[in-house]
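# An overview of the molecular structure
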Amino acid sequence: IIVLASANLAIDITGWKEPGVGYFPCLGRRNMAKTIMRLWDSNGKLDNANFLMAFIECKNLKIKEFDARVILNDKFTPQDICPAVAAGLPITFNGTVWLQVAGQSTLWNRPIDQRISYVENMVKTCQNHGFKVGIYSSVEDWTIVMGSQVVGSNILKAVPLWYDNSNGSQDFDDFESARFGTWETPSMKKYKSDENVCGFTNSLNYYEA
């Protein structure tokens, strides 16, 4: 039995594909304050139908926050991704769209010294489409993609950071060793991977409200 004690828990339900009617009530009983779901995958597919359905279910159950995750693949330009994401967001969406910098080599074809500017342009273009943007990555993935743990910019530093360090701790005490880029403080942390919650495999995340 998983005991979820903190009120500031978020769950990534990207693997959800219309489970039983009890799934979202179960999340509510587990005191989930935020739900996150992938809206755009690494192949450029927009999963807006499942996203909208999950968004409505969560709002019906008073799960107060709902965020989106977008996996970056640099063969897609900001002009490819940002308008499509904006069109796929529910009308009343007011969460954060997290741009994921993942370390898979197939996602990055641009020279390393052009990748920061690519992510910066993605942030600025998506902000111009009217939604809040953050960055999601880990120190390992960031270092692989950017060539260095400390590569960053003021543009990126100005948006929130969600980082991955699945050490099981619901706190940011590890950020000094797990930090990357130019961020000084994080906004959210993935602290457990592949956790079975309410009968489905999800990741658990801690954040400070």
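The structure this text deals with has already been given above.
Because the structure is predicted, anything quoted here is derived from the model rather than measured.

### Considerations on the packing of aromatic side chains
Under the criterion given, the structure shown has 16 aromatic pairs. Geometrically, the ring pair formed by Y163 and F172 is tilted, given 6.1 Å between the ring centres and 50° between the ring planes. For the pair Y163 and F172, one class covers both residues: buried. Among the aromatic residues, ring-to-ring pairing joins F51, F55, F66 and F93 into one connected group. The side chain of K34 reaches across the aromatic face of Y207, ending 4.7 Å from its centre.

### Some thoughts on the environment of K62
Within the fold, K62 resides in the loop between helix 2 (48–60) and strand 3 (65–71). Counting along the chain gives 147 residues from K62 to A209, while the straight-line C-alpha distance between them is 16 Å.

### Focus on the state of the cysteines
By the definition in use, this model includes two disulfides. Note on cysteine connectivity: C26 is disulfide-linked to C198, with sulfurs 2.0 Å apart. Disulfide C26-C198: torsion about the S-S bond near -85°, hence left-handed. You can see C26 sitting in helix 1 (residues 23–29) and its partner C198 sitting in the loop between strand 7 (188–197) and strand 8 (200–207), a full 172 residues away along the chain. Neither residue differs from the other here; C26 and C198 are each classed as buried. Sulfur-sulfur distance for the disulfide between C82 and C126 comes to 2.1 Å. Between C82 and C126 the sulfur-sulfur dihedral comes to about -85°; the bridge is accordingly left-handed. Of the two residues, C82 is situated in helix 3 (residues 78–88) and C126 in helix 4 (residues 115–128); the sequence distance between them amounts to 44 residues.

### So, the side chain of S138
Relative to the elements of secondary structure, S138 occurs in the loop between strand 5 (132–137) and helix 5 (139–146). On the accessibility criterion, S138 (5% relative accessible area) is buried. Look past the residues within four positions of S138 in its chain and what remains in contact with it is D164 and F180.

### Some points on the packing of helix 4 against helix 5
Contact geometry for helix 4 and helix 5: axes closest at 9 Å, N-to-C directions at 115°. Facing R115, I116 and V119 of helix 4, the residues of helix 5 in contact are W142, I144, V145 and M146. In terms of residue class, the contact of helix 4 with helix 5 is built from six nonpolar, no polar and one charged.

### Section: the sheet that holds strand 3
Backbone hydrogen bonds are what pair the strands of a sheet, in a parallel or an antiparallel way. Strand order in this closed barrel of eight strands is 1-2-3-4-5-6-7-8, and the pairing throughout is mixed. Between one strand and the next, the sheet's axes are offset by a mean angle of 30°, whatever the strand orientation. With four bridges connecting them, strand 1 (residues 9–12) and strand 8 associate as antiparallel partners. Paired with L9 across the bridge in strand 8 is Y206. Sheet contacts for helix 3: strand 2 (32–40), strand 3 and strand 4 (96–100); angle to strand 2, the most-contacted strand, approximately 130°.

### Re helix 4
For helix 4, which comprises 14 residues, the first-to-last C-alpha distance of 20 Å matches the rise-based estimate of 20 Å (1.5 Å per residue) to within 8%. Turning to helix 4, its buried residues are R115, I116, Y118, V119, E120, M122, V123, T125 and C126. Positive phi appears at G130, one or two residues downstream of helix 4, with a value of about 95°.

Thresholds, definitions, all that
Residues numbered from 1 in each chain as written. Predicted model: local features only at pLDDT ≥ 70, side-chain atom pairs only at ≥ 80, totals over all residues. Heavy atoms only, no water. Phe/Tyr/Trp six-rings, centres within 6.5 Å; stacked < 30°, edge-to-face > 60°. Buried < 20%, exposed > 50% of the residue type's maximum accessible area, 1.4 Å probe, protein only. Lys NZ or Arg CZ within 6 Å of the ring centre and 35° of its normal. Helix = DSSP H or I, 4+ residues; strand = E, 2+ residues; numbered from the N terminus. Disulfide = S-S within 2.5 Å. Contact = heavy atoms within 4.5 Å. Axes fitted to C-alpha atoms, helices over the stretch in contact; angles between N-to-C directions. Nonpolar A, V, L, I, M, F, W, Y, C, P; charged D, E, K, R; others polar. Pairing = 2+ DSSP bridges. Expected span 1.5 Å × (residues − 1).

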